[in-house]
Amino acid sequence: MRTRLLDASRPADLDEAARLLRAGKLVAFPTETVYGLGALALDPLAVRGIYAAKGRPASNPLIVHVRGVAEARALSTAWPGEAQLLAESFWPGPLTLVLPRGAAVPDEVTAGGPTVALRVPSHPVARALLDRVGEPLAAPSANRAEHVSPTTAAHVGSDLDGRIDAIVDGGPCAVGIESTVLWLDPASASPPRLLRAGAIGRAKIEQALKTRIGTGPASHDAAVAASPGLHARHYAPAGLLRLVPEGRIEKTARALAQTGRRVGVLARTWAGVEDVPASFACLRLPEDPEGYARGFYAALRALEEQGCEAIAVEDIPATGEWEAVADRLRRASS
Ligand code: TXA
Ligand code: MG
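All chains use their own residue numbering, which begins from 1 and follows the written sequence. Note on labels: chains are lettered from A, ligands numbered from 1, in written order. Reporting of local features is limited, given that this is a predicted model, to residues whose pLDDT is at least 70; pairs of side-chain atoms are given and counted only at 80 or more, and all residues count toward the totals for whole chains, interfaces and linings. Derived side-chain values reflect all non-hydrogen atoms in the structure, with water molecules and hydrogen atoms excluded from consideration.

So, on to the overall build of the chain. Helix numbers and strand numbers start at the N terminus; a helix is a DSSP run of H or I with at least 4 residues, a strand a run of E with at least 2. Counting secondary structure elements, the chain contains 11 helices and 15 strands. For 334 residues, the compact-globule estimate of 2.2 N^0.38 gives 20 Å, and the C-alpha radius of gyration of the chain, at 20 Å, lies within 12% of that figure. With respect to the principal axes defined by its C-alpha atoms, the chain has extents near 60 × 50 × 30 Å. The buried share of the chain, reckoned over its 334 residues, is 56%. In what follows, a contact means two residues having at least one pair of non-hydrogen atoms within 4.5 Å. Look at the contacts in the chain between residues 6 or more apart in sequence, and 65% of them connect residues 24 or more apart. Accessible surface computed for the chain: about 13,500 Å², of which carbon and sulfur atoms make up 52%. Only the C-alpha atoms count toward the radius of gyration. The rule for a globule is 2.2 Å times the residue count to the power 0.38. Categorising residues by exposure relies on relative accessible area from a 1.4 Å probe, with only protein chains included: less than 20% of the type maximum marks a residue as buried, more than 50% marks it as exposed, and the intermediate range marks it as partly exposed. The Shrake-Rupley method, run with a 1.4 Å probe sphere, supplies the accessible areas, and residue values consider only the shown protein chains as cover.

What follows covers the side chain of Ser-149. Tracing the backbone through its elements, the reader meets Ser-149 in the loop between strand S7 (137-138) and helix H7 (153-160). According to the relative accessible area criterion, Ser-149 is buried, its value standing at 1%. Counting of polar contacts relies on pairs of N or O atoms within 3.5 Å, with two restrictions inside protein: one atom must be capable of donating a hydrogen and the other of accepting it, and residues adjacent in sequence are counted only when both atoms are side-chain atoms. For Ser-149, the side chain forms a polar contact with the side chain of Glu-178, separated by 2.5 Å.

We now examine the sheet that holds strand S1 (residues 4-7). Two strands qualify as a pair provided DSSP detects at least 2 bridges between them. On the basis of which strands lie adjacent, the open sheet formed by 11 strands has the order S1-S8-S2-S3-S7-S4-S6-S5-S9-S10-S11 and mixed pairing. Of all strands in the sheet, those with a lone pairing partner are S1 and strand S11 (214-215), marking the two edges. Across the sheet, helix H1 (residues 11-22) is in contact with S1, strand S2 (27-30), strand S3 (35-40), S7 and strand S8 (166-169); its angle to S1 comes to roughly 130°. Each axis is a line fitted through C-alpha atoms, taken for helices only over the stretch in contact, and angles between the N-to-C directions span 0 to 180 degrees.

In this section: the packing of aromatic side chains. Under the pairing criterion, centres of Phe, Tyr and Trp rings, with the six-membered ring standing for Trp, must be within 6.5 Å; the plane angle then separates stacked pairs below 30 degrees from edge-to-face pairs above 60, leaving the rest tilted. Scanning the entire structure with this criterion turns up four aromatic pairs. With a centroid separation of 5.8 Å and 25° between ring planes, the pair formed by Tyr-292 and Phe-296 is classed as stacked. Note that Tyr-292 and Phe-296 are positioned in helix H10 (residues 289-305) at a spacing of four residues, about one turn of the helix. When the centroid spacing of 5.5 Å and the interplanar angle of 40° are considered together, the rings of Phe-296 and Tyr-297 count as tilted. Each residue in the set Tyr-292, Phe-296, Tyr-297 and Trp-322 is aromatic and connected to the rest through ring pairs, giving one cluster.

A separate point is the sheet that holds strand S12 (residues 240-244). Sheet strands line up and pair through hydrogen bonds in the backbone, either parallel or antiparallel. With parallel pairing, the four strands of this open sheet are ordered in space as S12-S15-S13-S14. Of all strands in the sheet, those with a lone pairing partner are S12 and strand S14 (281-284), marking the two edges. Across this sheet, the average inter-strand angle for adjacent strands is 20°, counted without regard to direction. As judged from the four bridges shared by strand S13 (residues 263-267) and strand S15 (residues 310-314), these two strands associate in the parallel manner. Each bridged residue has a counterpart across the sheet, and for Leu-266 the counterpart in S15 is Val-313. Along the sheet face, H10 touches S12, S13, S14 and S15 and points at about 175° away from the line of S13.

Moving on to the packing of H1 against helix H6 (residues 124-133). Geometry of a packed helix pair, given as the angle between the helix axes and the separation of the axes. Relative orientation of the contacting elements H1 and H6 amounts to 55°, with a least axis distance of 9 Å. Comparing the axis directions of H1 and H6 gives the class oblique. Of the two elements, H1 crosses H6, and the hand of that crossing is right-handed. Packed against H1, whose contacting residues are Pro-11, Leu-14, Asp-15, Ala-17, Ala-18, Leu-21 and Arg-22, the element H6 presents Val-125, Ala-128, Leu-129, Arg-132 and Val-133 at the interface. Oblique is the label for every angle not falling under 35 degrees (roughly parallel), over 145 degrees (roughly antiparallel), or within 65 to 115 degrees (roughly perpendicular). Handedness of a helix crossing follows the sense of rotation of the near helix relative to the far helix, less than a right angle counterclockwise being left-handed and clockwise being right-handed.

Before going further, it helps to examine the layout of surface pockets. A 1.4 Å probe that fits into a set of points on a 1 Å grid over the protein atoms alone but cannot get out defines a cavity; an open set with protein on both sides within 12 Å along at least five of seven lines defines a pocket, and lining residues are those with an atom within 4 Å of a point. Grid points are joined across faces, edges and corners, and a volume is the space filled by probe spheres set on the points. The volume enclosed by the second largest pocket comes to roughly 430 Å³. Considering the residues around the second largest pocket, the lining is formed by 21 residues, among which Gly-198, Ala-199, Gly-201, Glu-290 and Glu-321 are closest to the centre. Those elements that provide at least two residues to the lining of the second largest pocket are helix H8 (202-209), H10 and helix H11 (323-332). Here the element with the most residues in the lining of the second largest pocket is H10; it accounts for four residues. Only Asp, Glu, Lys and Arg are considered charged in this grouping, and only Ala, Val, Leu, Ile, Met, Phe, Trp, Tyr, Cys and Pro are considered nonpolar; every other residue, Gly among them, is considered polar. Taken together, the residues of the lining of the second largest pocket sort by class into 12 nonpolar, three polar and six charged.

Once that is clear, we can look at H8. Turning to H8, its buried residues are Ile-205, Glu-206, Ala-208 and Leu-209. Looking down the long axis of H8, one finds its buried residues gathered within 160° of arc, a one-sided arrangement. Exposed residues pointing more than 90 degrees away from the buried face of H8 are listed as Ala-203 and Gln-207. The elements touched by buried residues of H8 are helix H4 (81-90), strand S5 (95-100) and strand S9 (180-183). To be clear, the arc concerns the directions from the helix axis to the C-beta atoms.

A negative phi holds for most residues other than glycine; trans holds for most peptide bonds. Omega for the bond connecting Trp-91 with Pro-92 falls within 30 degrees of zero, at -5°, which places this linkage in the cis form. Looking at where Pro-92 falls in the secondary structure, it is placed in the loop between H4 and S5. Even without being glycine, Glu-146 reaches a positive phi, approximately 75°. Mapped onto the elements of the fold, Glu-146 is located in the loop between S7 and H7. The phi dihedral of Ser-188 is positive, around 55°, even though this residue is not glycine. Relative to the helices and strands, Ser-188 resides in the loop between S9 and strand S10 (193-196). Look at Ser-188 and you get partly exposed, because its relative accessible area is 35%.

And the structure:
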């Protein structure tokens with residue numbers, strides 16, 4: 001199939017994207033986090049198309065994007081107090097809530113599980129599409145399964161050109177890493193649990209709820225344990241990725257090069273960077289966690305495109321505000 005490139009700044013192109021979506025087609029569009037691959041969430045056939053285009057295992061459920069609390073509530077059988085509080089604090093925005101699924105949600109979206117993941121995106125293009133379509137949209141990150149998430153339309157094209165109906169280009173994503181995924185107890189009997197660290201940090205969520213939250217699926221909950229965002233190797237570039245303590249980047253890069261691989265360097269500070277041989281591809285990301293996250297996936301893709309088979313990544317601080325980036329680095333280097 002030919003993948004059309006649509007321009008988010010043109011209303012006629014947004015109309016066309018909405019028309020395609022309503023017809024059950026696959027359209028990638030920008031959200032504030034990363035580009036999503038959208039399809040009608042309540043149309044099982046459309047949703048199956050997402051899995052086929054991405055090469056995604058059917059066991060990995062999708063996030064459903066809606067316009068607001070009313071639409072979210074319509075897709076779940078429970079709306080605990082925590083959901084209301086978190087929605088008021090963080091929606092629209094990069095927080096995904098996992099709640100008991102409503103009857104309208106197809107098995108294809110939930111991977112057969114008892115819960116549905118819901119989020120209200122803040123990106124104006126995502127919102128314009130939701131408004132025009134008037135229906136919830138399932139949208140995983142618009143990359144081939146197991147590859148790095150896309151933060152530009154070009155990234156989407158390089159993974160999915162010829163496999164989806166259209167890409168809406170709305171420029172680079174501001175956040176750069178995926179939403180935070182939080183499981184909520186429908187009965188409010190136990191605290192929420194962080195299933196995927198993301199754009200909204202644990203501390204902000206705990207502040208809003210005035211309570212500590214858990215991590216990972218509850219051990220008794222086999223269904224939540226199926227959340228494949230937790231699978232080890234998930235956000236991976238093509239090459240080998242090696243985490244290196246600050247100041248050792250140059251030594252490690254040289255050692256990696258001795259194995260005959262083309263080596264890339266992803267730095268965060270200036271320590272030792274000037275000693276990296278000019279023949280190595282070397283990128284440097286900002287030292288603050290938000291700036292780093294914004295450029296992270298694009299940097300991995302850029303090094304990959306330059307043919308790097310091994311990437312030495314300067315390690316990041318072990319503090320809470322780096323939790324989401326640390327999670328992505330751990331997975332990509334495992
Ligand atoms: O920022 C984001 O969340 C982006 C944009 C496009 O919205 N979407 C995204 O989707 O990252 P995806 O499919 O790449 O990641 C969704 C994550 C996966 O880890 C999946 O396992 C988890 O959410 N998930 C989805 N439904 C779930 C459910 N019912 N229970 C537990 N985890 C779920
Ligand atoms: Mg993904």
